[in-house]
Amino acid sequence: MIRMLLLLLLCLPVGLAAQDSVRPDSLSKGRPVHSIGLEAHPGYVFPTRSFFKGDNAAGKAIRTTVSAHLKYAFCFAPDTRLGWLYPHAYQGVGLAYNSFFNKAEVGTPVMLYVFQGAPIIRLANRLSIDYEWNFGAAFGWEKYDPVDNPYNVVVGSRINAYLNLGFFLNWQPTPDWRLTAGIDLAHYSNGNTNYPNSGVNTIGARIGVTRSWGETARREPVCEKTPILKKRFCYDLILYGSTRKRGLIFPDHGELIPGRFAVAGLNFNPMYVVNKYFRAGLSLDAQYDESANLMEYLAEGTEGDEMRFYRPPFREQFAVGLSLRAELNMPIFSVNVGIGRNVICKGTDTEVFYQILALKAFITRRLFLHVGYQLSDFKNPNNLMLGLGWRFGQLQK
C-alpha cells in the first residue's frame, strides 16, 4: 500500500512533464499555476462500534476529531493538452495531522495523500461550488493488541488507507487568494490486510485559505472547449494482486485464520466516452482468492493458531463476474466505481454481489497504476486491488 502511494505521488511530476502540447491559435502560452493551502477539518466520528461509544480504557465516548492540512496543488498551463481541456482542475499532494482526542488508544495519525478537485457549478465570476477527493495513507495509529490495547477492536494496522470526499464553496476575493468552506466525509481502513478492520468513518466541516501564483483568474471560459470525439470507446485492461486476512464464523464463535492469503485478478473494461469528464460501460472481472470457501475444508481437530485446511478445488476459489462501471476522467487521475455480481462461481464466498472503488493514476496516456478496493453487499470488506492497467483506444482532439 505504501509503495503504491509513493508511485501515485510520482505520477504528479511525471504526468506534468509528459503532457502533449496543443497549439490552437486562440490559446496563449503560460506557466502552470501553483498554490499553497491551509485547511482545518473538525468532524464527528460515527459510533460504528462500542469502542467509540465509551467502551474503552478512558471510559469516554470518542465523538470528535480535528485535522490540520498543508497542501500543494497545481493547474496545467493553458498551452498544454490537459490545460486546454481542464483549465480549472487542480491536483496536488497534502500532509495532515489528525487527532481523535484519545492518543493512547487511537493515536494521532499523520496523513500523506494525493488530491484532485474542480468546480461543479459556477455561481458567479469568482464563486463556485467545488468538489475534491483525497487518497493516501494515514500513519501512526495505535492498533488493537490483546494485552496493551484490548478495547480497540476497530483498528488493526499502524498504517491505514485514507479516503476523503468534500464539497465546498470556493470564493476568490482576489485573483491570487481563495477562501473555502464546506463539508467532507472521510474513511480509514487497511483493506482487510490485517484484523480487526472495522474502519473509522467521519463527517465534518472544512475551512481553508489558499494562495496561488500564476494566471488563475485570468483564464477565460473559452478554454472550456469540447474536443472532437473521433473514437467513442476506450478499453482498459487491468492486472492486479494483493494479500488479505481471513476469519471464519462458527455457530458459537469466530476464528482468525493464521497467515495471509493471495488474491489476483483481471478486469477488462470497455467504456463509452460520453464526454471529456465521464465514461461508462461494463467490465468483465475475474478473480482468484486463496482464502475463498475454506470452511468446508478445515482439517478435523485443528483450531486457533494450529488451524489447517485442505486446499479447495480451483473452481471454488476462482470467480468471473460482470459489473456496471462509471468513471470520472480528469488530468492524471480517473476515479472508477462499479457494481457487479459473479456469474461463474461455486461456493458461498464467491456467489456474491460486489462493489468496486478504484483510482487510476496515468503514468503515460495509456499506462496507469490501479489502486482499488472491493466490497461485498456494500458492507463486507473483501480485498485491495493493486496493479497496472493499459488503455486501448483514446479520446482524440
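Per chain, residues are indexed from 1 in the order of the written sequence. Since the coordinates come from a predicted model, pLDDT governs what is reported: local features require at least 70, and pairs of side-chain atoms require 80 or more to be given and counted, while whole-chain, interface and lining totals use all residues. No hydrogens and no water enter the side-chain calculation; it runs on all heavy atoms of the structure.

**Student:** What am I meant to see in the overall build of the protein chain here?
**Tutor:** Helix and strand counts for the protein chain come out as three helices and 18 strands. Categorising residues by exposure relies on relative accessible area from a 1.4 Å probe, with only protein chains included: less than 20% of the type maximum marks a residue as buried, more than 50% marks it as exposed, and the intermediate range marks it as partly exposed. Here the protein chain holds 397 residues, and the buried ones make up 48% of them. Taking contacts inside the protein chain between residues at least 6 apart in sequence as the whole, the part at least 24 apart equals 65%. A total of about 18900 Å² of accessible surface is found on the protein chain, and carbon and sulfur atoms cover 62% of it. What counts as a helix is a DSSP run of H or I of at least four residues, what counts as a strand is a run of E of at least two, and both are numbered from the N terminus. Any two residues whose heavy atoms approach within 4.5 Å at even a single point are treated as in contact. In this description, accessible areas are obtained by the Shrake-Rupley approach with a 1.4 Å probe, and a residue is regarded as covered only by the protein chains that are shown.

**Student:** Could you clarify how one ought to interpret the pairing of strand S16 (residues 353-362) in this entry?
**Tutor:** On a regular strand, one side chain projects to one face of the sheet and the next to the other, so that they alternate. The buried fraction of S16 amounts to eight of the 10 residues, a majority that puts the element mostly inside the structure. In this analysis, strands are considered paired if DSSP registers two or more bridges between them. Pairing of strand S15 (residues 333-344) with S16, which is carried by nine bridges, proceeds in the antiparallel orientation. Each bridged residue has a counterpart across the sheet, and for Gly 340 the counterpart in S16 is Tyr 354. Inspection of the sheet shows S16 paired to strand S17 (residues 367-376) by nine bridges, in the antiparallel sense. Among the inter-strand pairings, Ala 361 is bridged to a residue of S17, identified as Leu 369.

**Student:** Where do I start with the pattern of salt bridges in this structure?
**Tutor:** Opposite charge on two side chains permits pairing when their charged atoms draw close. Here a salt bridge means any side-chain nitrogen of Lys or Arg lying within 4 Å of a carboxyl oxygen belonging to Asp or Glu. What the rule picks out here adds up to 13 salt bridges. For the salt bridge of Arg 325 with Asp 285, the shortest nitrogen-to-oxygen distance reads 3.2 Å. Linking Arg 325 in strand S14 (residues 318-329) with Asp 285 in strand S13 (residues 278-289), this pair joins segments that are 40 residues apart in sequence. Residue Asp 285 is classed as buried on the basis of its relative accessible area, which comes to 6%. In the salt-bridge network here, residues are joined through shared partners; they are Glu 39, Lys 71, Glu 132 and Arg 206.

**Student:** Whenever I open this one, the sheet that holds strand S6 (residues 159-174) confuses me. Can you help?
**Tutor:** Overall, antiparallel pairing links the eight strands, which are arranged S1-S2-S3-S4-S5-S6-S7-S8 in a closed barrel. With strand direction ignored, the average angle separating the axes of adjacent strands in the sheet is 25°. Across nine bridges, strand S2 (residues 64-75) lies against strand S3 (residues 90-99) in antiparallel orientation. From the neighbouring strand, Phe 74 faces S3, where its bridge partner is Gln 91. Interaxial angles span 0 to 180 degrees and are taken between N-to-C directions of axes, which are lines fitted to C-alpha atoms, for helices over the stretch in contact.

**Student:** Would you mind showing me how to read the environment of Tyr 188 here?
**Tutor:** Residue position: Tyr 188 is located in strand S7 (residues 177-189). A relative accessible area of 4% places Tyr 188 in the buried class. For the pair Tyr 188 and Tyr 162, spaced 26 residues apart in the sequence, the C-alpha separation amounts to 4.8 Å. Other than its neighbours up to four places away in sequence, Tyr 188 contacts Asn 98, Phe 100, Met 111, Ala 138, Trp 141, Ala 161, Tyr 162, Gly 199 and Val 200.

**Student:** Would you mind going over the confidence of the model for the protein chain with me for this structure?
**Tutor:** When pLDDT drops low, the exact placement of atoms in the prediction is not to be read closely. Of the residues in the protein chain, 87% reach a pLDDT of 70 or more, and the chain-wide mean stands at 88. Note that pLDDT drops below 50 for residues 18-28; the model gives that stretch 22 contacts with residues more than four away or on any other chain. Confidence drops under pLDDT 50 across residues 216-223; counting only partners more than four residues distant or on other chains, this segment forms 15 contacts. The predictor attaches a confidence to each residue, and that confidence, scored 0 to 100, is pLDDT.

**Student:** What am I meant to see in the packing of aromatic side chains here?
**Tutor:** The relative placement of two aromatic rings is captured by the distance of their centres and the angle of their planes. The criterion for an aromatic pair is that two Phe, Tyr or Trp rings (for Trp, the six-membered ring) have centres within 6.5 Å, with stacked assigned to planes under 30 degrees apart, edge-to-face to planes over 60 apart and tilted to the rest. One pass over the structure, following the stated rule, counts 19 aromatic pairs. With 5.6 Å between their ring centres and 65° between their planes, Phe 51 and Phe 52 make a pair best called edge-to-face. Cluster of aromatic residues (ring-pair linked, three or more members): Tyr 90, Phe 100, Tyr 113, Phe 115, Trp 141, Tyr 162 and Tyr 188. Placement of a positive charge over a ring is assigned whenever Lys NZ or Arg CZ falls within 6 Å of the ring centre and within 35 degrees of the normal to the ring plane. Residue placement shows Lys 276 over the ring face of Tyr 86; its charged tip is 5.7 Å from the ring centre.

**Student:** Would you explain the pairing of strand S5 (residues 127-141) in this entry?
**Tutor:** Where burial is concerned, most of S5 is hidden: 11 out of the 15 residues are buried. Connecting the antiparallel pair strand S4 (residues 107-124) and S5 is a turn made up of two residues. Relative to S6, S5 runs antiparallel, the two being bridged by 13 bridges. Each bridged residue has a counterpart across the sheet, and for Phe 135 the counterpart in S6 is Leu 163.

**Student:** Would you explain the sheet that holds S17 in this entry?
**Tutor:** Sheets are built from strands that pair by backbone hydrogen bonding, the pairs being arranged parallel or antiparallel. The strand order around the closed barrel built from eight strands is S9-S12-S13-S14-S15-S16-S17-S18, with neighbouring strands paired in antiparallel fashion. Taking the axes of each pair of neighbouring strands and ignoring which way they run, one obtains an average angle of 25° across the sheet.

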